[in-house]
Amino acid sequence: MPRRTRRPRLVAAVVGIVLAVVAVSASPVGAVGNGNGNGGSGPSIVRGPDDVLLPVVGTFAGSRVVSSTCGREVAFEGGTPVDGPVDVVLDPGHGGPETGSVGVNGLVERDLNLLVAVRTKAALEELGHTVVLTRDRDLHMPIRQRAAIVRSLEPRAFVSIHHNGGAVKRSDTPGTEAFHQVDDDGSRRLAGLLFEEVQASLSGYWVPWVRTYHQGVSARLRPPRTDTYGVLRLTRGIPAAIVEGLYMSNPPEAELIALPEVQEVEARAIASAIDRFLSTDDPGSGFKDPFFDPHTTGTGTARGCVDRTYSPSTTIATGFTDEEHASLEATARRMGRSVEWLLKFGVYTLKFLGDLPGAEPVMALADDQRPDAYGPEAVAVEWDQAEQVVLVRMAEAYGLTRTEVQKLGAVLMVFLANLPPTPAEAEPEAGTSD
Ligand SMILES: [Zn+2]
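These figures come from a predicted structure and were not determined experimentally.

Asks: How should I be thinking about the overall build of the protein chain in this particular structure?
Replies: Helix and strand counts for the protein chain come out as 12 helices and 18 strands. The contacts of the protein chain with a sequence gap of at least 6 include a subset with a gap of at least 24, amounting to 80%.

Asks: Would you mind showing me how to read the packing of helix α8 (residues 322-335) against helix α11 (residues 402-417) here?
Replies: Relative orientation and spacing of two packed helices are given, respectively, by the angle between their axes and the distance between those axes. Across the interface, α8 lies against α11 with an axial gap of 10 Å and an inter-helix angle of 60 degrees. It follows that α8 is oblique to α11 by the angle criterion. In the packing of α8 onto α11, the handedness of the crossing is left-handed. Contact residues: Ser 327, Leu 328, Thr 331 and Arg 334 in α8; Ala 410, Met 413, Val 414 and Ala 417 in α11. Residues that form the contact of α8 with α11 fall into these classes: five nonpolar, two polar and one charged.

Asks: What should I look at first to understand the nonpolar core in this one?
Replies: For soluble globular proteins, the rule of thumb is that nonpolar side chains tend to be buried together. Among the nonpolar cores identified, the biggest contains 103 residues, and Val 159, Leu 194, Ala 241 and Ile 270 are the most heavily contacted of them. Viewed by domain, this core spans two of them, domain 1 (3-38 + 312-430) and domain 2 (84-292), each represented by three or more residues. The contact partners of Ala 241, leaving out residues within four places of it in the chain, are Val 159, Ala 178, Phe 179, His 180, Ser 187, Leu 190, Ala 191 and Leu 194.

Asks: Explain the sheet that holds strand β3 (residues 63-67) here, please?
Replies: What holds strands together in a sheet is hydrogen bonding between their backbones, with the strands either parallel or antiparallel. With antiparallel pairing, the five strands of this open sheet are ordered in space as β4-β3-β2-β1-β5. Unpaired on one side and paired on the other, β4 (73-75) and β5 (80-81) mark the two borders of the sheet. Note: β3 against β4, three bridges, orientation antiparallel. By the bridge assignment, Ser 67 is partnered in β4 with Glu 73. Running over the sheet, helix α3 (residues 143-153) touches β1 (45-47), β2 (53-60) and β3 and is turned about 75 degrees from β2. With respect to the sheet, helix α10 (residues 387-398) is in contact with β2, β3 and β4, its orientation differing from that of β4 by roughly 85 degrees.

Asks: I keep staring at the sheet that holds strand β12 (residues 216-218) and nothing clicks. Help me out?
Replies: Here we have six strands laid out as an open sheet, ordered β7-β6-β8-β15-β10-β12, and mixed in their pairing. The open sheet has two edge strands with one neighbour each: β7 (131-133) and β12. In this sheet, neighbouring strand axes are inclined to one another by 20 degrees on average, regardless of whether the strands run parallel or antiparallel. Against the sheet, helix α2 (residues 109-126) makes contact with β6 (88-92), β7 and β8 (157-164), and its axis sits at roughly 140 degrees relative to β8, the strand it touches most. In this fold helix α7 (residues 260-279) packs onto β6, β8 and β15 (240-247), with an angle of close to 150 degrees to the strand it touches most, β8.

Asks: Looking at this structure, I do not really get the confidence of the model for the protein chain. What am I missing?
Replies: Averaged over all residues, the pLDDT of the protein chain equals 89, while 87% of them reach at least 70. Within the model, the stretch residues 23-39 combines pLDDT values under 50 with 27 contacts to residues more than four positions away or in other chains. Throughout residues 424-434 the model reports pLDDT below 50, and contacts reaching past four residues in sequence, or to other chains, amount to 12 contacts.

Asks: Hey, could you run me through the environment of Gly 399 in this one?
Replies: Its location among the elements puts Gly 399 in the loop between α10 and α11. Residue classification places Gly 399 among the partly exposed positions, given that 17 C-beta atoms sit within 10 Å. For the pair Gly 399 and Ala 61, spaced 338 residues apart in sequence, the C-alpha to C-alpha distance is 8.0 Å. Those residues in contact with Gly 399 that lie beyond four places of it in its chain are Ala 364 and Leu 365.

Asks: When you look at α3 in this model, what are you seeing that I'm missing?
Replies: For the α-helix, the turn length of 3.6 residues means that residues three or four positions removed from each other point alike. For α3, the buried fraction is high: nine of the 11 residues fall into the buried class. All buried positions along α3 are accounted for by Ile 143, Gln 145, Arg 146, Ala 147, Ala 148, Ile 149, Val 150, Ser 152 and Leu 153. Immediately beyond the C-terminal end of α3, within one or two residues, lies Glu 154, with a positive phi of roughly 45 degrees.

Asks: Would you take a moment to explain the environment of Ala 269 for this structure?
Replies: Here Ala 269 is to be found in helix α7. Taking the C-beta count within 10 Å as the criterion, Ala 269 has 25 such neighbours and is therefore assigned buried. When the C-alpha positions of Ala 269 and Ser 201 are compared, they lie 6.3 Å apart, and in sequence the two are 68 residues distant. Each residue touching Ala 269, except ones within four places of it in the same chain, is listed here: Glu 197, Val 198 and Ser 201.

Asks: Could you clarify how one ought to interpret the pairing of β2 in this entry?
Replies: On any regular strand, side chains alternate: one points to one face of the sheet, the next to the other face. With seven of its eight residues buried, β2 lies for the most part within the structure. Pairing of β1 with β2, which is carried by three bridges, proceeds in the antiparallel orientation. Looking at the pairing, Ile 45 lines up with Pro 55 of β2. Connecting β1 to the next strand, β2, in antiparallel fashion are five residues, including Asp 50 with a positive phi near 60 degrees. Both β2 and β3 contribute to a ladder of four bridges, which runs antiparallel. Paired with Val 56 across the bridge in β3 is Val 66.

Asks: What am I meant to see in the pairing of β3 here?
Replies: Burial analysis of β3 places five of its five residues in the buried class, the great majority of the element. Turn length for the β2-β3 hairpin, with the two strands adjacent in sequence and antiparallel, is two residues, and the turn residue Ala 61 shows positive phi of about 50 degrees. Where β3 hands over to β4, the hairpin turn is made up of five residues, of which Gly 71 adopts a positive phi near 80 degrees.

Asks: I'm lost on the packing of α2 against α7 in this one. Help?
Replies: In contact at an axis separation of 8 Å, α2 and α7 are set at 50 degrees when each is read in the N-to-C sense. Comparing the axis directions of α2 and α7 gives the class oblique. Along this stretch, α2 crosses α7, giving a crossing that reads as right-handed. Only Gln 263, Glu 264, Glu 266, Ala 267, Arg 268, Ile 270, Ala 271, Ile 274 and Asp 275 of α7 make contact with α2, whose side of the interface consists of Leu 115, Val 116, Arg 119, Thr 120, Ala 123 and Leu 124. Here the contact of α2 with α7 is built from residues that sort into eight nonpolar, two polar and five charged.

About the cut-offs
Residues numbered from 1 in each chain as written. Predicted model: local features only at pLDDT ≥ 70, side-chain atom pairs only at ≥ 80, totals over all residues. Helix = DSSP H or I, 4+ residues; strand = E, 2+ residues; numbered from the N terminus. Contact = placed C-beta atoms within 7 Å. Axes fitted to C-alpha atoms, helices over the stretch in contact; angles between N-to-C directions. Parallel < 35°, antiparallel > 145°, perpendicular 65-115°, else oblique. Left-handed = near helix turned anticlockwise from the far one by under 90°. Nonpolar A, V, L, I, M, F, W, Y, C, P; charged D, E, K, R; others polar. Core = buried A, V, L, I, M, F, W, Y, C linked by C-beta atoms within 7 Å. Buried ≥ 20, exposed ≤ 12 C-beta atoms within 10 Å, placed from the backbone. Domains from an automatic or database assignment. Pairing = 2+ DSSP bridges. pLDDT = per-residue confidence, 0-100.

Below you can see the structure in the form of structure tokens.
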């Protein structure tokens with residue numbers, strides 16, 4: 001086969017891809033990379049550095065992609081698989097710069113929630129249950145990552161542990177609140193047992209308690225009828241509840257819960273509620289009607305969350321002919337960028353086109369469409385742990401190696417940058433080589 005036929009055929013392939021992905025289709029949106037490449041094999045969650053939990057998103061082009069502590073997709077090969085399912089997942093609310101409530105005595109909800117969660121875990125393990133914490137240290141972790149951990153572990157019960165702020169209305173009883181998933185009997189019963197146990201345990205102390213109208217058990221909703229709290233909304237199908245033992249904003253209550261023995265009492269109450277949920281049909285108590293209040297504190301997003309480095313950057317080299325390299329350089333120069341940047345941008349453009357509304361699902365390229373990624377002029381591109389996800393997802397989508405998909409992106413960029421005035425000029429060339 002004459003060597004010069006390769007290039008027109010490749011251009012034709014890229015034209016076909018561009019036309020395919022930008023064509024508005026009546027079929028459902030098939031965005032690139034939405035499929036889970038896990039194939040049902042391999043662990044669904046692993047423990048990474050410092051024992052942080054990293055749900056596995058999938059394996060793409062041979063590379064494992066996990067959801068980072070900040071809830072972003074990163075490449076990560078190592079880690080220890082976590083054997084699920086577990087009985088209970090406990091979530092110490094807040095973390096890192098998201099402090100939650102702060103008592104006048106300096107007690108920070110972020111830290112208190114963790115102290116109580118660790119004690120609750122120990123108490124549940126004494127009762128024979130397997131328990132995993134979403135975080136076992138001070139970590140900035142968005143809600144969606146906490147929910148992803150829960151979904152990966154598929155526990156029989158999930159409880160997010162909090163302590164409240166804001167109430168000023170005096171009360172004879174602790175202002176304990178529990179929230180459940182709307183229209184879910186299991187979640188509602190779990191919340192009812194948490195309220196019952198935790199309020200009873202704190203009632204053994206006399207302090208001038210405060211409460212709000214929401215003392216008791218309810219579902220907090222936003223229209224049309226969905227849970228306001230992300231840890232409940234994003235874990236549907238798993239019985240989940242939030243418990244707010246008392247009000248840290250009330251100085252006497254903050255003093256009380258600062259005592260380790262009171263933290264232990266509350267933790268044992270939470271453990272007892274979960275144990276009763278798992279081993280009895282007890283209904284719980286304190287139920288109120290669901291109420292609509294879509295407002296949240298605005299925390300729990302990934303904003304400002306900084307991931308640690310889980311994987312080193314990787315460098316992928318792709319070869320070009322002298323002629324190809326010359327046009328790459330010319331295109332990069334016109335765009336005021338480097339050739340390496342152009343290759344990376346090409347891969348991102350493949351993703352962008354595939355993600356367009358109406359884009360047809362990307363198909364693996366046929367053998368004669370695979371770009372020849374070897375040549376005398378090598379270009380090496382460095383990809384960090386988050387960028388690698390785009391690279392391997394695109395490689396998987398097109399059925400290519402990482403080296404080849406860099407080539408495809410490069411050809412696409414040169415092609416787009418040199419689009420002729422009319423498509424007709426490009427068309428005849430494609431069919432002439434044979
Ligand atoms: Zn909180």
